[in-house]
Amino acid sequence: MQSINKRENFHLSLFLLFLLVFLGKYSLYIGFALKPYMIFLVLFYVIHLSCIHFYKLQLFECAMLLFYMVYCLSGVFALYSSMSLRIVCGIALYLFCYFLMKSLVSSSNTYSIERSISYAGIVFNLGCLLLYVLGLKKLNFILQGDGIYSLGVFMDREYPRLIGLVADPNYLVFYNTLFFTYFLCNLNHIRNRIGMLLCIITSVLSFSRGGLVAFIAIFILYILILNNPIKQLRLLIGTFIAIAVSFYIAITFLSFDIFGVIQSRMQDFSSDGGSGRFELWGRAWDYFLSSPWIGVGASNFLPYNQFQFGDSLQVHNTFLEILSETGIIGAFCFMIFLLLTIYQLFQHRVYEKKPYLFLAFFGFLLQMISLSIIINDLFFMYLAVLSVYFHQEENRQKEQAEDKFLSDSLRGGVSL
């Protein structure tokens, strides 16, 4: 009975961990952001110190650590060394929490992990929608203004963009990626259908062009993976109904022309240069050319950009940010990390056994083109889940091989 209660406590703790990862906006700033899930992990293992487990690193984890080591070392040559030192401290904290997170995830089975993802996704999206509606009400549903925050709403050039429980509407879709792929691949349960509907509603209301394009690409890839005409047709019909319901709710209950906003956002793309991203990408490329091998130093794009152009914007492209800050050496290490992750995804046939993990990684890669996520809470959480899954698969395959060997040996003994 005691072991059962302990296991249930770990399952509840896993759900709380997954949920708190998505509440990073509500952090305590002490020179760096101390986030809720970090505090939770430390307190949890202060109580359960004996439960910490460390497993052999996966290939992709070795490459990940190599990349972060190279990234941190690039700060030695940086002009703005204080910025580099800050990101080095941040990386150390994130990696420390990563291994604690991985330990907690490894204490649960696959069913508990996926159930926690499902419930956390529903709670997260319900919270985002609630804050969005309250934010619109606070604005008296007057959809005018630019740069105005109101609870879960961000007025961006008169677009009422949903931010919900995160700090930026573009990151809302990124944070929803794991939920979206899990719900998409597990629609056999009513809970996941509700989660899928909520996920679509919040993501559409973020009006993130890059994020929505990534979701469409994920959906198309999943249709191709299915290779089952009946399931494909049912999924297409179900998705159409979910989108129709989302639009109906937005138009009827939130009282604004969602079709007009989407059309306007798409038309703006040709005139706003991807919200200024193309210009930022050009600056990052110029910084890379000025120091092609080692870059301008860890976390130094921002101060360079502030000094030369007077704006405090990130690159909004993870690949170009790494290339400009760490040069060819850092970019090569990052690509090795990504390629080894892809290799292990195919090695363990994740696209067949757990397609949501495969699709999520594909979605993250697409969104790295328009977002800066050198260190990111959700991405580390995803990697922890992926590492634990690989470890469990390796153990299962090892047990199967041992059972087969034993069975073959017994048959051989009998025949003799």
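Keep in mind that this is a model prediction, so the values were computed, not measured.

### Observations concerning the overall build of the protein
- Each helix and strand counted, the protein has 15 helices and five strands in total.
- When the 416 residues of the protein are sorted by exposure, 52% land in the buried category.
- A separation threshold of at least 6 residues defines the contact pool for the protein, and within that pool the share at least 24 residues apart is 74%.
- Of the accessible surface of the protein, which amounts to about 19800 Å², a share of 68% is contributed by carbon and sulfur atoms.

### Some details on the side chain of Ser118
- Along the chain, Ser118 falls in helix α5 (residues 110-138).
- Residue Ser118 is classed as buried on the basis of its relative accessible area, which comes to 0%.
- If sequence neighbours within four positions are ignored, Ser118 has contacts with Tyr182, Phe183, Arg191 and Asn192.

### Remarks on the environment of Asn317
- Considering the arrangement of structural elements, one finds Asn317 in the loop between α11 (301-309) and α12 (318-347).
- When its relative accessible area of 6% is taken as the criterion, Asn317 is described as buried.
- Here the alpha-carbon distance between Asn317 and Arg277, two residues 40 residues apart in the chain, equals 8.3 Å.
- Not counting residues up to four positions away in its chain, the partners in contact with Asn317 are Trp281, Met368, Ile369, Ser370, Leu371 and Ser372.

### Quick word on the nonpolar core
- Of all hydrophobic cores here, the largest spans 122 residues; its most connected members are Leu17, Phe18, Tyr37 and Tyr382.
- Among all residues touching Tyr382, those that are not within four sequence positions of it are Leu178, Leu345, Leu357, Ala360, Phe361 and Phe364.

### Considerations on α11
- Regarding α11, the residues found buried are Phe301, Leu302, Pro303, Tyr304 and Asn305.
- Gly310 lies just past α11 and shows a positive phi near 75°.

### Notes on the pairing of strand β5 (residues 159-162)
- What you see with β5 is no split at all: Tyr159 and Arg161 on one side and Pro160 and Leu162 on the other are buried throughout.
- Taken together, strand β4 (residues 153-156) and the strand that follows it, β5, pair antiparallel across an intervening segment of two residues, in which Arg157 is found at a positive phi of about 50°.

### Examining the pattern of salt bridges
- Summed over the entire model, instances satisfying the criterion amount to nine salt bridges.
- Here Lys35 makes a salt bridge to Asp377, at a shortest N to O gap of 2.7 Å. Here Asp377 lies in helix α15 (residues 377-415) and Lys35 lies in the loop between β2 (33-34) and α2 (36-47), a separation of 342 residues in the sequence. Take Lys35 and Asp377: they sit in the same class, and that class is buried.
- Residue Arg396 is joined to Glu393 by a salt bridge in which the shortest nitrogen-to-oxygen separation is 2.9 Å. With a gap of three residues between them, Arg396 and Glu393 both fall in helix α15, about one helical turn apart.
- Overall, Arg396 belongs to the partly exposed group, its relative accessible area being 31%.

Calculation criteria
- Residues numbered from 1 in each chain as written.
- Predicted model: local features only at pLDDT ≥ 70, side-chain atom pairs only at ≥ 80, totals over all residues.
- Heavy atoms only, no water.
- Helix = DSSP H or I, 4+ residues; strand = E, 2+ residues; numbered from the N terminus.
- Buried < 20%, exposed > 50% of the residue type's maximum accessible area, 1.4 Å probe, protein only.
- Contact = heavy atoms within 4.5 Å.
- Areas by Shrake-Rupley, 256 points an atom, 1.4 Å probe, with all protein chains shown as cover.
- Core = buried A, V, L, I, M, F, W, Y, C linked by side-chain atoms within 4.5 Å.
- Pairing = 2+ DSSP bridges.
- Salt bridge = Lys/Arg side-chain N within 4 Å of Asp/Glu carboxyl O.

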